[in-house]
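Single-letter residue listing:
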Amino acid sequence: MTRQVVEGVSVPTDHFIGGRWVSSPRRFETRSPIGWELLAEVARGDADTAAAAVGAAVESFAAWSAMSIGDRAGVLHRLADLIEAHTDEIARVETRDMGFLFESMKQRLVARGALNFRTYADLMVGHRNRTWDAKNMWNQVQRQPAGPAVVITPWNAPFMLSTWKLAPALAAGNSVIHKPAEWSPLTAGLLAELTVEAGFPPGAYNVVQGVGSEVGAALVADPRVRRISFTGSPDTARTIGQAAATNIVPFTAELGGKGAFLVFADADLDAAAHRAAWQYDDSGQVCLAGTRLLVAAEVRDEFLTRFHQHADALVLGDPRDPTTDIAPLVHPDHRDRVHGFVERARAAGDVIVRGGRPVTGSLHYEPTLIEPASNLSEVVQREIFGPVLTLQSFADEAEAIALANSTPYGLSAQIWTSSRLRAERVGAAVRAGLVWVNTFLVRDLTAPFGGCGISGIGREGGDYALDFHSDLKTLMILDDSTE
Ligand code: ADP
């Protein structure tokens, strides 16, 4: 098995298939956003790797799906215990590999990874099949594990997002083939090691490393796969969706957003401005971020003054340093993509209110605010996934709602107001899968999670994800059936 020491932690860099570490002759480099130094050469899977991983998942499905729910939940809780026990190592590796702020990773995201497994283990244990009598018939809806599931994850919060998607698939009784993103592949190897210690049967959790268009495409095209769960970009979802259609496989997709951040005149302006500056967190590499600041015209100037005060206080730096607020972007290609949006906005006549440049000598990008010339400006309509916000104002509630609903996305929205009635009214009118009022990110994991429009297909979260990963069966027994 090939391993590499990263940030003092020995990390496996091969595929994990059928409970064994499997190498590939071809490798790909993963580098750190912190100094762009080479961290590891990771196995680069191909069509044969994909076929082997699906084969292992098919083989293991019988045993994993037949395990009693209590036993399977026990394994998932043991994995959660192990994640908690290894928090420091997981956070160190992810910070170096992806550039996530270490403290935030340690306190929030690794803990959330453990919670993802606990939540789904508990939901399975607590689940009761729905039964009822009707038409002289006893009816029961049963959840049957669907079969091997492919889980494809993005680079922006690899550990937390992977566990969020893996937990329901595994809890439902499906074996899984996980394809991590090539820009941040390392913590998947750590997770695979922990599944062994937790007592997963070989092949229940498989990791295939490599490039999306190569091994990812081969995985989703395999007709033995019975579910595909994807988080990434709309373009990749279109490609994967075609493979899912060919094989008639249910497919969920979470595809990012262009969240409206609505500030009404009756809002606590300082709280709203503070939270608006917080949308730069993780350098804006967050699908849920409220990147379009939509502010009531009469408070626009006061809001902007306060926003600048909060944004000025943000410290750009090394994500390992606890005083850092803004980490580097994940990759030079991504930095160039973010800057491309800003350059085109500048050329098109949008006003760069603050920032607007890459930082020399690092992969940081200045926290940027743009006042677009029009609502059709590219920076308003397309997801940038960097520390770039737009500022627009509205005259009244109707215009606020119209602006909020004017992009092809619909993942999240935030409403800042002191009026409960307005919150309910506007909350009902905005097109988004998740709407926060006077807060952000806090969420019950049993609630549905997903977007409208090109933000995605289907819902994750709670029973929604468990239903997705199951074949629902209705059993009907005639009341007078006798033996
Ligand atoms: P992003 O823009 O966030 O990088 P992508 O959609 O390109 O989003 O990538 C998200 C995940 O999808 C990654 O793990 C990537 O390797 C994978 N991927 C990319 N292309 C394909 C494909 N054709 N088939 C399957 N997976 C893919």
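For clarity, every value in this text was computed on a predicted model and none was experimentally measured. (Residues numbered from 1 in each chain as written. Predicted model: local features only at pLDDT ≥ 70, side-chain atom pairs only at ≥ 80, totals over all residues. Heavy atoms only, no water.)

The subject of this paragraph is the overall build of the chain. A tally of regular secondary structure across the chain gives 15 helices and 22 strands. Here the C-alpha radius of gyration of the chain, 23 Å, is about what a compact globule of 483 residues would show, namely 23 Å. Each principal axis of the C-alpha distribution contributes one length, and for the chain these read about 75 × 60 × 40 Å. When contacts within the chain are restricted to residue pairs at least 6 apart in sequence, long-range pairs at least 24 apart make up 70% of them. When the accessible area of the chain is evaluated, it comes to approximately 18600 Å², of which 53% is carbon and sulfur surface. (Helix = DSSP H or I, 4+ residues; strand = E, 2+ residues; numbered from the N terminus. Rg over C-alpha atoms; globule rule 2.2 N^0.38 Å. Contact = heavy atoms within 4.5 Å. Areas by Shrake-Rupley, 256 points an atom, 1.4 Å probe, with all protein chains shown as cover.)

Let us now look at helix α11 (residues 332-347). Helix length check: α11, at 16 residues, gives a terminal C-alpha distance of 22 Å against a target of 22 Å (1.5 Å per residue), a fit within 8%. Buried residues of α11: Pro332, His334, Arg335, Val338, His339, Gly340, Phe341, Val342 and Ala345, and no others. Taken from the residues just after α11, Gly349 is the one with a positive phi, measuring 95 degrees. (Expected span 1.5 Å × (residues − 1). Buried < 20%, exposed > 50% of the residue type's maximum accessible area, 1.4 Å probe, protein only.)

Once that is clear, we can look at the packing of aromatic side chains. Evaluated as defined, the whole model comprises 12 aromatic pairs. With a centroid separation of 5.2 Å and an interplanar angle of 20 degrees, the aromatic rings of Trp64 and Phe200 are classed as stacked. With Trp64 in helix α1 (residues 47-66) and Phe200 in the loop between α6 (186-198) and β11 (205-207), the pair connects residues that are 136 residues apart, well separated along the chain. There is no split in this pair, since Trp64 and Phe200 are both buried. (Phe/Tyr/Trp six-rings, centres within 6.5 Å; stacked < 30°, edge-to-face > 60°.)

Throughout the structure, instances matching the rule amount to 33 salt bridges. Between Glu37 and Arg96 there is a salt bridge whose closest N-O contact spans 2.9 Å. Here the residue Glu37 occupies a position in the loop between β5 (27-31) and β6 (38-43), and Arg96 occupies one in helix α3 (residues 87-98), the gap between them amounting to 59 residues. We classify Arg96 as buried; its relative accessible area is 17%. As a salt-bridge pair, Arg227 and Asp471 come within 2.9 Å of each other at their nearest N and O atoms. One end of the pair, Arg227, is in strand β12 (residues 227-231); the other, Asp471, is in strand β22 (residues 470-478), and 244 residues separate them in sequence. Judged by relative accessible area, Arg227 falls into the buried class, the value being 5%. (Salt bridge = Lys/Arg side-chain N within 4 Å of Asp/Glu carboxyl O.)

Looking now at the sheet that holds strand β7 (residues 131-134). On the basis of which strands lie adjacent, the open sheet formed by three strands has the order β7-β8-β22 and antiparallel pairing. If you trace the sheet from one side to the other, it starts and ends with β7 and β22, each paired once. The sheet shows a mean angle of 25 degrees between the axes of neighbouring strands, taken without regard to direction. (Pairing = 2+ DSSP bridges. Axes fitted to C-alpha atoms, helices over the stretch in contact; angles between N-to-C directions.)

So, on to the site of the ligand. Contacts to the ligand come from 18 residues, most closely from Thr153, Lys179, Glu182, Ser233 and Thr236. Within the contact set of the ligand, a nitrogen atom lies 3.4 Å away from a backbone nitrogen or oxygen of Ala217. Look at the ligand: alone it shows 550 Å² of surface, and the protein chains cover 79% of it. Elements with a contribution of two residues or more to the shell around the ligand: α7 (212-221), β12 and α8 (234-247). In terms of residue count, α7 provides more of the shell around the ligand than any other element does, four residues in total. Grouping the amino acids of the shell around the ligand by side-chain chemistry returns seven nonpolar, nine polar and two charged. (Near = heavy atom within 4 Å. Polar contact = N/O pair within 3.5 Å; in protein donor to acceptor, adjacent residues only side chain to side chain. Nonpolar A, V, L, I, M, F, W, Y, C, P; charged D, E, K, R; others polar.)

What follows covers unusual backbone geometry. Positioned with a positive phi, Glu7 is a non-glycine residue whose angle comes to about 55 degrees. Here the phi dihedral of Asn438 falls at roughly 55 degrees; this positive angle occurs in a residue that is not glycine. Take Asn438: it is sitting in the loop between β20 (434-437) and β21 (456-457).

Looking at the element boundaries, Arg275 is found in helix α9 (residues 269-277). For Arg275, a relative accessible area of 22% corresponds to the partly exposed category.

Further remarks concern the domain arrangement of the chain. What the domain assignment reports for the chain is domain 1 (3-255 + 451-475) and domain 2 (260-437). The partner domain 2 presents 29 residues to the 25 residues of domain 1 that form the contact. Roughly 2300 Å² of surface becomes buried between domain 1 and domain 2 when both sides are summed, with 66% attributable to carbon and sulfur atoms. Of the charged contacts, one joins Arg320 and Glu7 as a salt bridge, the two residues approaching to 3.3 Å between their closest N and O atoms. The tally of links between domain 1 and domain 2 comes to eight residue pairs in polar contact (both at pLDDT 80 or more). Of all the secondary structure elements, the ones that give two or more residues to the side of domain 1 that touches domain 2 are α3 and α4 (102-126). Across the side of domain 1 that touches domain 2, the residue classes tally to 13 nonpolar, six polar and six charged. (Domains from an automatic or database assignment. Buried area = accessible area lost by both parts, 1.4 Å probe.)

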